[in-house]
Amino acid sequence: MMQSHFFNMLEMILAKDIDAFEKYMHPEFISVSEFEMSTREDFLAQMQTWFDDEAFDLRQANLVIIADNSDLHSFQYEQHVDGKLMRVTNVALIREKKLWRHIVNYVPI
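To start, this report covers the structure provided alongside it. (Residues numbered from 1 in each chain as written. Predicted model: local features only at pLDDT ≥ 70, side-chain atom pairs only at ≥ 80, totals over all residues. Heavy atoms only, no water.)

This part covers the pattern of salt bridges. Taken as a whole and assessed by the stated rule, the structure comprises two salt bridges. Note that Glu 22 and Arg 40 form a salt bridge whose closest N and O atoms lie 3.7 Å from each other. Here Glu 22 is found in helix H2 (residues 18-24), whereas its partner Arg 40 is found in helix H3 (residues 40-52), with 18 residues between them in sequence. With a relative accessible area of 16%, Arg 40 lands in the buried category. Residues Arg 59 and Asp 57 are paired through a salt bridge, measuring 3.0 Å at the closest nitrogen-oxygen approach. Judged by its relative accessible area of 26%, Asp 57 falls in the partly exposed class. (Salt bridge = Lys/Arg side-chain N within 4 Å of Asp/Glu carboxyl O. Helix = DSSP H or I, 4+ residues; strand = E, 2+ residues; numbered from the N terminus. Buried < 20%, exposed > 50% of the residue type's maximum accessible area, 1.4 Å probe, protein only.)

What follows is the structure, given as structure tokens:
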């Protein structure tokens, strides 16, 4: 049976385990959000800020899994951003069983 990359990552996020998340990231990790590209270090800092936000709980954010296989995972959730409710779509590519590329899109709903 295939190991779920999404559920492994979700467990790290729900546990707010930044060290486990860092180990899951490929050394060549890059993230793209809108018009910004983040390095591995920048993304980890963003994740820590997200983990520190007690007002946001992914379990209560209408989480939808779009795809989950050995090469990629994709999911959506809802979050208030700058006072607007947004659907946040994440697509992650996996290389060597690690999070290699990440793209996120924000759509007002």
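Turning our eyes to something else, we now look at the packing of aromatic side chains. Tallied over the entire structure, the rule returns seven aromatic pairs. On the basis of an interplanar angle of 50 degrees and a centroid distance of 4.9 Å, the ring pair of Phe 29 and Phe 43 is categorised as tilted. Note that Phe 29 is positioned in strand E1 (residues 25-33) and Phe 43 in helix H3, a separation of 14 residues in sequence. As far as burial versus exposure is concerned, Phe 29 and Phe 43 are alike and both buried. Between Trp 50 and Phe 51 the ring centres are 6.4 Å apart and the planes differ by 25 degrees, which places this aromatic pair in the stacked class. Taken as a pair, Trp 50 and Phe 51 share a single burial class, namely buried. (Phe/Tyr/Trp six-rings, centres within 6.5 Å; stacked < 30°, edge-to-face > 60°.)

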